[in-house]
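# Summary of structural features
Now for the letters of each chain:
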Amino acid sequence: MPNRTLSFAYTACVAFAALIAFLLSATAEQTLYVLDDSELVWITENDGTHDTDEVARTVQEVADDHGTAIGYGVLDVNEPSSQAHLYLAVSDPDSRHARWLNDGYRTFSRSFTVHTHPVTDFGEVGPNGYYLVFGPPEAASALRQALADHGLTEAPGARTTRLWHFFSGGHLLHLAAVALLSTVTATAAGVLLAARDHAVRRLQGHSYLSVLTGELVRVARLWAIILPGTAAVTLGLLDIYNGWSQLGFYTPLALAFLAALALPCLAVHAAALALVHTTGILPALRGRLPLRSTTAAIYLVRVPALVLALVIVGGVVAAAQESRDRRTALEVFAQYGDTSRPALSANYGWADADAVDGELGPWLRAADTSGDMVLAVPLAPSEIVPSDPAAPRRERLAAPVLIVNDTYLAREEVLSPAGERYDGASGTVRVLLPESAAARARPVAEGVAGWLEVNGGHGRVPDVEVLPAADGQTVFTYGTQERLGLVLPLLREPVIVALPNGGALSDNSYVNHMSGRYTVFPDPGVVAALRAEDPQASRYVSMVEALTTGASKAHALALGTLRGELFNLLGAASVLLLTAVAACVVHVRTRAQTIFARHISGWSFPATHRRLLTVEALIAAVFVGWAAWGAATASAGSNDPARPLPPGTASATGAEPFHAAGIALASLALTLGVLVLFHHRIVREGSSRA
């Protein structure tokens, strides 16, 4: 068997592979609908000449001709975050796809359900949308051509989601990085800790290849025990979780991650062993290691581990704040019962803008006029009053802007400075300014008029009336605040622009605001009635989700992210500990006699190990300085509209230097703790020899 550190490394490879495969399967299913390998055809364009029944027959014919199955996937209207529907065309009645149709599709995740139907029943939702081809690429090409004959085509440049896209950021990427760094570092540390054992083998005449072969045989023996044990535990847990559903997808995915982790570990194992063999046999018997090359390799891992820990700590803090805010938001949303938000279909909503405006625009205007719809459009201050980079900060509008309709004021309490409530009946556009924004009344009024010219109807722009609002008010946003990067559905002291019901916006603007999910319906039956009465219009409305449903799902995702990031933080700490152990091993074994001599000569601990401690302190100082510089640069860029940050640059919270200082102190503490243990061991061994 390998030593304990190596055993940990190769066992961790197996455990991490099983965990990453599980999390990826559960996460990807809600986007991909079906985990089986498939080619995706996304139809978003049609010329209106198709017959839905003919399209269904064509899909079945393509499936029959290629001996495959084709599914049309769409999210559920009322439960889009947890349910989907799959309309299947199956060629082989004995295939597993036929069993999906007869017995239902068993999802991997317990929080997501896929309902199956025959493809002939997709008339109410098709033919635009996602077609999943469970067969060779030529079947997907044949389907594209067959659908094109019906006037149905893909939009140019359409992109589809792949499994690897889920590692482009977030806690899954952090977990993969932690898994790779921790296993590779543990492998290298295990080889270094066994340097004396390797020297004994060399003294016995074993070559590098012989020693390496023996090491790999020990790893194989370990895996002969670990793999069956881990497989049994994983199968037991999966049986409890989902009854082994999608086991055929999960197993090769876990094996692929195992290979992705094990191969680098084996490569590092071989490289570290070669590095150990560069030391002479006699010095190696005393535990000496090649100083420069080994130290450089250690810090090539240790420094990225510090950066990764900083990223993860920021993720933990952000996830904790979001989880707290999501829980509070859920409590607020619960007070609004069945209030729901419709969404514009991605499959139909962009195919023909004029047709969408013609179908949904008048209906949304009528719902607004009758008071059945609440409008809440959050805007950044600069979207109403352009910000002058040269102007002092105090002269810029700082308050967020909330565009609402009269129905909003009828349902939500907004007070004047005298304590009187603004009602929902007015024929003008009212701008309600808090005292903090009163000095910007004229620019705000002009900005609102300009906004209405762009978003209003073709008739006369309504009069704009500026009125005072009481200070210190917090208003409800109906969940639309996420446009401003906020989690809580509340805005404090916003500038409120109240539009008269049905009298200010164009049909296109109504549809745009629905596509942005800024329109809500206290009575979801209004939207249900539209879908029942007008099948064509109903195709444009892909979902009608209750505010509480979306908030509950968002809270669950935030909690999952927090748990994942906490686990990642523990993994990053283990990497820092392992690199600290490796650095201390190299330090004490190359200077064992010097350390003992200094100790008996009365040198203090810091003086005895001043070289290692100086290096660690220097790295910590540079790390904290780098974090502070990055935070200052990001903060300056976010506050200077004339010099924006490059796309994709993360915004700074200002806490990064403090996070970095905490990580640096923790890293120094780990190094000191390990160094103290090795120091006492050298002193004890030296005293016994004396």
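Numbers given to residues run from 1 along each chain, matching the order in which its sequence is written. Where local features are concerned, this predicted model is filtered to residues with pLDDT of at least 70; where side-chain atom pairs are given and counted, the filter is 80 or more; whole-chain, interface and lining totals use all residues. Where side-chain values are given, they derive from all heavy atoms of the structure, hydrogens and water being excluded.

### Describing the packing of helix α10 (residues 291-333) against helix α18 (residues 547-590)
Worth spelling out the cut-off: Inter-axis angles, ranging from 0 to 180 degrees, are taken between N-to-C directions of lines fitted to C-alpha atoms, where helices are fitted over the stretch in contact. Note on conventions: DSSP H or I runs of at least 4 residues are helices, E runs of at least 2 residues are strands, and numbering of each starts at the N terminus. Note that the term roughly parallel is reserved for angles under 35 degrees, roughly antiparallel for angles over 145, roughly perpendicular for angles of 65 to 115, and oblique for everything else. Crossing handedness follows the turn of the near helix against the far one: under a right angle anticlockwise gives a left-handed crossing, and clockwise gives a right-handed one. Lys, Arg, Asp and Glu make up the charged group, whereas Ala, Val, Leu, Ile, Met, Phe, Trp, Tyr, Cys and Pro make up the nonpolar group; the residues left over, Gly among them, are polar.
Direction vectors running N to C along α10 and α18 enclose 160°, while the axes themselves pass 7 Å from each other. The angle between the axes of α10 and α18 places the two elements in the roughly antiparallel class. Once α10 is placed against α18, the crossing between them reads as left-handed. Grouping the amino acids of the contact of α10 with α18 by side-chain chemistry returns 29 nonpolar, 11 polar and 5 charged.

### A few points about the sheet that holds strand β3 (residues 83-90)
What counts, and what does not: Strand pairing is defined by DSSP finding a minimum of two bridges between the two strands. By definition, residues are in contact when any of their heavy atoms lie within 4.5 Å.
With mixed pairing, 6 strands are arranged side by side in an open sheet as β4-β3-β2-β5-β1-β6. With partners counted over all chains shown, the strands left at the sheet margins are β4 (113-118) and β6 (152-154), one partner each. Within the sheet, the average angular offset between the axes of one strand and its neighbour, ignoring direction, is 35°. Sheet topology places strand β1 (residues 39-46) next to β6; 3 bridges connect them, and they run antiparallel. If you follow I43 over to β6, its bridge partner there is E154. Where helix α2 (residues 52-65) meets the sheet, its contacts fall on β2 (69-75), β3, β5 (129-134) and β6, and the angle it forms with β3 comes to roughly 65°.

### Details of the nonpolar core
Rule in force here: Nonpolar core, defined: a set of buried Ala, Val, Leu, Ile, Met, Phe, Trp, Tyr and Cys residues in which side-chain atoms within 4.5 Å join the residues together. Three exposure classes are used, based on accessible area relative to the maximum for each residue type with a 1.4 Å probe and protein chains only: buried under 20%, partly exposed in between, and exposed over 50%.
Counting residues in each nonpolar core, the largest one holds 99 residues, and the members touching the most others are V34, F257 and I663. Once you skip the residues sitting within four places of it in the chain, F257 turns out to touch A17, I20, A21, L24 and F167. Among the nonpolar cores identified, the runner-up in size contains 43 residues, and V77, W363, V448 and Y518 belong to it.

### Structural notes on the UniProt feature "transmembrane region" (unreviewed entry) in the chain
In plain terms, the rule: UniProt positions are given in the numbering used here, feature names are shortened, and annotations may be inferred rather than shown by experiment.
On the UniProt side, "transmembrane region" (unreviewed entry) is annotated at positions that read residues 172-195, 216-241, 253-276, 297-320, 566-588, 617-638 and 658-678 here. Secondary structure across residues 566-588 divides into 100% helix and 0% strand, with the first and last C-alpha atoms of the span separated by 33 Å. Annotation note: span residues 658-678, helix share 100%, strand share 0%, distance between end C-alpha atoms 30 Å.

### Brief notes about unusual backbone geometry
For residues besides glycine, phi is generally negative; the peptide bonds are generally trans as well. With a phi angle near 65°, W244 is a residue other than glycine that sits in the positive phi range. Relative to the helices and strands, W244 resides in the loop between α7 (208-242) and α8 (247-276).

### Focus on the packing of aromatic side chains
Let me state the cut-off plainly: Put simply, two rings from Phe, Tyr or Trp (the six-membered ring, in Trp's case) pair if the centres are within 6.5 Å, and we call them stacked under 30 degrees between planes, edge-to-face over 60, tilted for the rest.
Applying the stated criterion to the full structure yields 19 aromatic pairs. Measuring from ring centre to ring centre gives 6.0 Å for F108 and Y250, while their planes differ by 20°; the resulting arrangement is stacked. Here F108, found in the loop between α3 (96-103) and β4, pairs with Y250, found in helix α8; they are 142 residues apart in sequence, far enough to count as distant. The burial state of F108 is the same as that of Y250; both residues are buried. Each ring, one from Y408 and one from Y478, has its centre 6.0 Å from the other, and the planes form 65°; the classification is edge-to-face. Residue Y408 is found in helix α13 (residues 406-411), and its partner Y478 is found in the loop between β12 (474-476) and β13 (490-492); the two are separated by 70 residues along the sequence.

### A look at the pattern of salt bridges
Let me state the cut-off plainly: Put simply, a salt bridge is a Lys or Arg side-chain nitrogen that is within 4 Å of an Asp or Glu carboxyl oxygen.
Taken as a whole and judged by the stated rule, the model has 13 salt bridges. Taking the shortest distance from any N to any O, the salt bridge between E446 and R442 comes out at 3.3 Å. Here E446 pairs with R442, and both are found in helix α14 (residues 441-455), just 4 residues apart, close to one helical turn. Of the residues examined, R442 reaches a relative accessible area of 66% and is grouped as exposed. Here the residues in one salt-bridge network are E322, R326 and E482, joined through shared partners.

### Some remarks on the packing of helix α1 (residues 4-32) against helix α5 (residues 171-193)
For the pair α1 and α5, the least separation of the axes is 8 Å and the interaxial angle reads 170°. Between α1 and α5, the angle is such that the two are roughly antiparallel. Here the contact of α1 with α5 is built from residues that sort into 20 nonpolar, 6 polar and no charged.

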